[in-house]
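Fold and geometry: a report
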Amino acid sequence: MGFMTRVIAYLRWAWRSLTSMRTALFLLFLLAIASVPGSLFPQRGTTPLKVNQYLRDHPQSGPFLDKIHMFDVFASPWFGAIYLLLFVSLTGCVLPRTLVHWKELRSEPPSAPRNLSRLTAHESWNSQANATAVADVAKAWKDRGWRVRTGDSWVAAERGYARETGNLLFHLALLFVLLAVGSGSALGTKGTVIVREGSGFANNITQYDTFTPGRAFNTSTMAPFSFQLKNFFASYQLGGMQNGAPREFHADVLVKNNPDSTARKVRIAVNEPLRIEGSSVYLVGHGYSPKITIKDGKGNVVWQDAAIFLPQDGNFTSTGVVKAPDTVPQLGIQAFFLPTAAVDMTQGPHSTFPAPTDPMVFMSVWSGDLGLDSGVPQSVFRLDTTKMKKIGLERLKPGQTYKLPDGQGSITFDGYKEWASFSITHDPGKGWALGAGMLAILGLTLSLLVPRRRAWLRITESENGTSLVEVAGLSKTEAPGLVAEISSLASTARTYIPEVLHGDQ
Amino acid sequence: MAINESLAQASNIMVYGAMTTLTGAMGAFAIALAKGRRIESIEESVARSESGSHQARMGATATLERPAVSTAVVSDAGRGEGRRAGNIGMSLTWLSMIFAGAALAFRGFSAHRLPWGNMYEFSIAAGFGVLLAYCVLSLKRDLRWLGLFIVIPVLLDLGLAITVLYTESAQLVPALNSYWLAIHVTAAIVCMGSFAVGAALSALYLVAEHVEKRVAAGQEPGRLGAFAERIPASDRLDLMAYRIHAFMFPLWTFAVIAGSIWAEAAWGRYWGWDPKETWAFITWVIYAAYLHARATAGWRGRKAAIVALAGFAAIMFNYFIVNMYVSGLHSYSGLN
Ligand code: HEM
């Protein structure tokens, strides 16, 4: 054998193996097994903080696990490889089968086996049949949904082609789901943003707090919508074992599809995202923004804003930082915001209920150099106190003012706003994936529930002038009810070819 | 709206009621099973299946459906005492189903919502689902021989629910407050209940197949022989298990897709490999593999039954381990 022939033979063998049902099944199993670690280890895509925690807790095994992608299983090369092979295997097996079925759909029912009485369902009787009766039976069977073929003394019938059609539809739909999922994540984007009551957001990359584009994403496809958060509302369970459990959230926003359109009022709630220009805006979290005014020794306002505080527990004990860089020396505040304030020796300042029934700010005030000039970017949620000294500690209710020692100025807690965080996604594949999923269910239902059956009628002359009529059938599948169906076909046949008892003539 | 405490109380009483009647049913079914005999002896089943495979070879076309026996009574829960015990078991099972249904209804009315918002309620609902599936199926055929293998798991399920998983009646967290709860969770509960029946049949199949194989090889039936004499022939069990799985697989597919539609609305992505989603996918793949295995020569029978049991094990893992020990977005067990 020449080298090329051998290579070709080998390739053909490889292709045939890859596209066999057994390989697809194996790959499918492999995909299932490969996804197990993704459910047992924390994943970067969904819980990045837990991944860092795990790495800190397991300095030995952590880095190794990381190297083999245990923390981003679903984006790992090996997961991708299985996915791709499955895709190729499925394509290679489904397309040829579609062609075969296409031909079969236009073929005729096969002729009867020699011995009909061997079949599962079988009935026979004596009659004085004639040729026209065969045509009548064939027509009656056809009217009941069977495909028929006739000869001069027989009928062959088959039904249930929809089973294979459904099966192929299912497998093709599966291919489509894989395609839609892949292309959607390549072309789409997702991002998050925190918006305070009274503030707004416009859909361009600079306004996001975090932004993850797909591999094939192109900025020019971002829709120019914008919205403003008018009001955020939350309610909680009062009393009982689930005291403080959230009961309802929603955000009332003013939305514009593009800068020139008129604003409309929309309510975004959990389970009710805003659908706009191919993107979806979800309400994913919320928190408090205490409004604080800082004045210097001369009474000039040097800082005034509602700072975003991050919730630390289910009762919204929140922490945050305020930095006033425009005074000399600079001022910084580390603070707790407590919607329902309580203090005890073990827990320190904390909140006992998520709603603002008794709001309070606990702050420690620092003076010195905020370290903002070093050029290194700083988190807005952390105060670098290495070059500062603590000058005071105070708790304030809304409207109260804290006078700093030595005439260094004052801090007023003016009140609070709420903020809401939104996740904004654009996934052009998702409609396709849903459509394909629905087709897959349709295909499955047909393929599992439609019975594929064959039936035959044969008339055999016997010596005493009557004929033997036989009706028999078999099922190519395991759906129940074959015997009943064949018996019903037989009784239809009997109306055209009535039974005669021996000795009737 | 406030919780109606007396209805919540009544719901708990109904759960205890169901557990009491189930215990009675368990005893009755155990007696019925001990006194019962299969209509066709093991030797007859072996002979029939040998001629059946001969016939299939002769016929040359795919699976031939075997004669009408498949719809007839496959096992007789005996006469006299055994029969009476079976009937008592059946009646008590109906009563348990009604109690479990009432427990759910009272719970739902007490919180003014569908009663499947946390693990306690899922468990009661799943137990009700299994009993309902069994009672409805028993209308068409004699399933007294299966009763014991239905009531024991349900009893365990309810016992676990009322002790370990118990959660006070309360309103839902916002993410669960959606009509997709009705669609997705209902479909999932129905599938779980039916797959449990399918798993019971597959396990019984393994026993019957083991004994029949020994008999076919001319050996003694062995320790399980006495048990195998009281349940239907392996091919019947296999067919029943297959029909349940084949009927439920599209619904399970639907449940997964409905879940992803809901996830899209609630969390902003339709598939995110959350642990719960990952295990739903694994379960789906295993049942798909079962259907393929059953259609593949060399894999039907024993291996297919084991794959079906693996599918149910994955469901149980997803339900207990993932809900209770693996944190994810689906943390609605009400326990943490
Ligand atoms: C090489 C690729 C594949 C081939 C050749 C193949 C072939 C088949 C065949 C012949 C059937 C009909 C079985 C019967 O007669 O009952 C079937 C059914 C089915 N296949 Fe596949 N399959 C492949 C891949 C897959 C994959 C990747 C899945 C994903 C889950 C899948 C899921 C199913 C399901 C759920 C059924 C319905 C079961 C049934 O009709 O009995 N298949 N497949």
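Residues numbered from 1 in each chain as written. Chains lettered and ligands numbered in written order. Predicted model: local features only at pLDDT ≥ 70, side-chain atom pairs only at ≥ 80, totals over all residues. Heavy atoms only, no water.

Structural notes on the site of the ligand
Close to the ligand lie 23 residues, the nearest being A:M21, A:C93, A:R97, A:H171 and B:H292. More than one chain approaches the ligand, the contributing ones being chains A and B. Residue A:H171 places a side-chain N or O atom 2.7 Å away from a nitrogen atom belonging to the ligand. Between the ligand and B:H292 there is a distance of 2.6 Å, counted from a nitrogen atom to a side-chain nitrogen or oxygen. Those elements that provide at least two residues to the shell around the ligand are α2 (21-40), α5 (77-105), α7 (161-187) and α8 (430-449) of chain A together with α9 (275-295) of chain B. In terms of residue class, the shell around the ligand is built from 15 nonpolar, seven polar and one charged. (Near = heavy atom within 4 Å. Polar contact = N/O pair within 3.5 Å; in protein donor to acceptor, adjacent residues only side chain to side chain. Helix = DSSP H or I, 4+ residues; strand = E, 2+ residues; numbered from the N terminus. Nonpolar A, V, L, I, M, F, W, Y, C, P; charged D, E, K, R; others polar.)

Re the environment of B:A265
As for its placement among the helices and strands, B:A265 is situated in helix α8 (residues 234-267). By relative accessible area, which is 10% here, B:A265 ends up buried. Taking C-alpha positions, B:A265 is 61 Å from B:G218, a pair spaced 47 residues apart along the chain. Apart from the residues lying within four places of it in its own chain, the contact partners of B:A265 are A:N271, A:E272, A:P273, A:R275 and A:Y282. (Buried < 20%, exposed > 50% of the residue type's maximum accessible area, 1.4 Å probe, protein only. Contact = heavy atoms within 4.5 Å.)

Regarding the pairing of strand β2 (residues 147-150) of chain A
All names here are of chain A. One ladder, built from four bridges, connects β2 with strand β3 (residues 154-159); its direction is antiparallel. Its bridge partner lying in β3, R147 is registered against E158. Adjacent in sequence and paired antiparallel, β2 and β3 are bridged by three residues. (Pairing = 2+ DSSP bridges.)

A few points about the interface of chain B and chain A
Tallying the contact residues gives 55 residues for chain B and 57 residues for chain A. Here chain B and chain A share an interface that buries about 4,800 Å² over both sides, 65% of which is from carbon and sulfur atoms. Applying the counting rule to chain B against chain A returns two salt bridges. Salt-bridge contacts for A:K430 lead to B:E264; the nearest nitrogen and oxygen are separated by 2.5 Å. Only α2 (42-59), α8 and α9 of chain B provide two or more residues apiece to the side of chain B that touches chain A. Here the element with the most residues in the side of chain B that touches chain A is α8(B); it accounts for 15 residues. Across the side of chain B that touches chain A, the residue classes break down as 34 nonpolar, 14 polar and seven charged. (Buried area = accessible area lost by both parts, 1.4 Å probe. Salt bridge = Lys/Arg side-chain N within 4 Å of Asp/Glu carboxyl O.)

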